[in-house]
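A look at the structure
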Amino acid sequence: MFGEKFQRKYALTDLGVKNAKQGTLWTVIVNLITMAGICIIYLMMMNFNDVLIKHAYLKGTGMILLLTIVYFILSLFTHMQQYKATYGTVYKEVKGVRIRLAEHLRKLPLGYFGKRDLADLTETIMGDVSRMEHVWSHVIGYLYGAYISTAIIAVIMLLYDWRLTIACLWGVPVAFALLFGGRRLQEKNAKITKKYTLDMADCMQETIETISQIHATGRQEDCLNELYDKIDLHEKKVVKSELISGLIINAASIIMRLGVATTILAGATLIVSGRIDFLVFAVFLLVITRIYAPFDQSLQLIAEMFISQVSANRLMEIEDSQVADGKNSFQPNGHDIVFRHVEFGYDDHPVLKDVSFTAKEGEVTALVGPSGSGKSTLAKLAARLWEVQKGTIEVGGEDISKVDPEVLLRDYSMVFQDVVLFDDTVMENIRLGKRGATDEEVLRAAAAANCDEFVRCMPQGYQTRIGENGARLSGGERQRISIARALLKDAPIVLLDEATASLDVENESKVQGALSELLNQKTVLVIAHRLRTVEAADKIIVLADGKVREEGRPDELMKQKESLYNKMLQLQNTSGIVGV
Ligand SMILES: Nc1ncnc2c1ncn2[C@@H]1O[C@H](COP(=O)(O)OP(=O)(O)OP(=O)(O)O)[C@@H](O)[C@H]1O
């Protein structure tokens, strides 16, 4: 019952399964003890019978009192245990699942994030886990506990009087059949509601992210109207979904409670025909006041369980995605990067076709080519940020697709166009380059990357927080911090994608000085639109239409009058346009 299928169905951790078992066990005990209360009333009624018929004193009062006290203490104790096993453990489970998801996301290849956007993933980690939190605490233990305890009680009732048991419980399977019959409809509605929730979250996130462009283009009203429409639509879908669930649950509950009428009818008939005495009938009347309570709760819980399946499936979808893993040791023989017949595309869009070249250690290899030819993609493949679809990439003779990306990336320093900074101090943002680097090391790298001047003007110098993704910095300042980080890391492979694109001429020449220190004796793969910046490269790879068109030293390529490199150079010299 609580096997692997169960664990997947509810997206539980191992600890969650253990908690679910305990929650179920305590619910069964609580339900059985609650029903045992009827036995005490039954005992009293038997004695009342003696009082009424034989006019005898009420016997066993002391025993009944003792049983009542024991019943009260047991009830209190088991309820507390049930509470601890369900509500008390759920926060640990929520924490465990969120950490497990975050760990998994960390190991997924970049390609995964192209398929699911940020709002979608945030909704899974926050919204879906919250929905499951309710299922883990309120549903699983109570539902499975209700199934087991009611099955036990039903068997006892059948042994006692099968006719009244059938009269009492016939509505239960019918109610459940109705509920399970409506399952598809409820799941479909839950999926639709989720889609509209994501649409709304997406629109909200996009509006916030692009707020400056919205103001600049005067589109405030259009954007707000779009957002209001999405909120309206979401509300309508939620109301519809709740209404359908409510209708099904209430109809099932009414059918189940028809059992009260049939029990009274059957009981009266059986008494009149002398087949049962009043005491048996009275016991069943007492039972029906309690027997439906766990079922009633179950109907609600099952409906919630159906709806929660959408969330559980979304959690499992992340967990089932193939992570980029590999061996934990990386001991290459040198750091030459060798591309062998590499092919790659985003979804159905092929970008690189049969790309082969070598970027040698101690040399600067520059990638040039028209916009969209695949230069940045190549750089990302070189660091296994994406997985090649055909061919191999080797570093020092080791196939990088066999090495754990975390281990592999220890040998890489990267400065990309899209700098990623954290809402922390300048000092800590630079220190990310090398875990455990001393303040002196950080300051040395910052000075070499020409950060000193602008950081010292900040209110708390290197201890100033720079806002979300460095929002309080200019593009050039952000890029200099990223270069300082790379200098600090001092890894044997350096990938530079438009590393100095956001710098003015004065800063660029200063940073170039720092970069030449960083690049010394490394394997360097550099992408630059400004061909001037790669004139000193040891080797140039010219990419066009996803293929290596030309390869050689800059002076060699320049000598070839018809070379694409030469044409790009001439175009740049005559027009001053840097993007080719
Ligand atoms: N994450 C992505 N998802 C889908 N397509 C992408 C993605 N990144 C890039 N592309 C596409 O892949 C192609 C190559 O892009 P890439 O950024 O590698 O080119 P590039 O030569 O570096 O361009 P540029 O010089 O303009 O920076 C382009 O057609 C681009 O639209």
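Residues numbered from 1 in each chain as written. Predicted model: local features only at pLDDT ≥ 70, side-chain atom pairs only at ≥ 80, totals over all residues. Heavy atoms only, no water.

1. Focus: the overall build of the chain
What the chain contains, in helices and strands, is 20 helices and 10 strands. Relative to its length of 580 residues, the chain is extended, with a C-alpha radius of gyration of 35 Å against a globular reference of 25 Å. Dimensions of the chain, computed from the C-alpha atoms along their principal axes, are close to 125 × 50 × 45 Å. Looking at the 580 residues of the chain, the share that counts as buried comes to 48%. Sequence-distant contacts, at least 24 apart, represent 77% of the contacts inside the chain between residues at least 6 apart. Of the roughly 29800 Å² that the chain leaves accessible, carbon and sulfur atoms contribute 59%. (Helix = DSSP H or I, 4+ residues; strand = E, 2+ residues; numbered from the N terminus. Rg over C-alpha atoms; globule rule 2.2 N^0.38 Å. Buried < 20%, exposed > 50% of the residue type's maximum accessible area, 1.4 Å probe, protein only. Contact = heavy atoms within 4.5 Å. Areas by Shrake-Rupley, 256 points an atom, 1.4 Å probe, with all protein chains shown as cover.)

2. Focus: the domain arrangement of the chain
Segmentation of the chain into domains returns domain 1 (4-320) and domain 2 (337-575). Each of domain 1 and domain 2 has a C-alpha centre, and these two points are 54 Å apart. Taken together, the contacts link 5 residues of domain 1 with 5 residues of domain 2. Of the roughly 440 Å² buried at the junction of domain 1 and domain 2 (both faces included), carbon and sulfur atoms supply 59%. Viewed at the interface, domain 2 and domain 1 are joined by 1 salt bridge. Measuring nitrogen to oxygen at the nearest pair gives 2.2 Å for the salt bridge that ties Glu406 to Arg106. Where domain 1 meets domain 2, there are 1 residue pair in polar contact (both at pLDDT 80 or more). Residue contributions to the side of domain 1 that touches domain 2 peak at 3 residues, all from helix H4 (residues 110-115). Classifying every residue of the side of domain 1 that touches domain 2 gives 2 nonpolar, 1 polar and 2 charged. (Domains from an automatic or database assignment. Buried area = accessible area lost by both parts, 1.4 Å probe. Salt bridge = Lys/Arg side-chain N within 4 Å of Asp/Glu carboxyl O. Polar contact = N/O pair within 3.5 Å; in protein donor to acceptor, adjacent residues only side chain to side chain. Nonpolar A, V, L, I, M, F, W, Y, C, P; charged D, E, K, R; others polar.)

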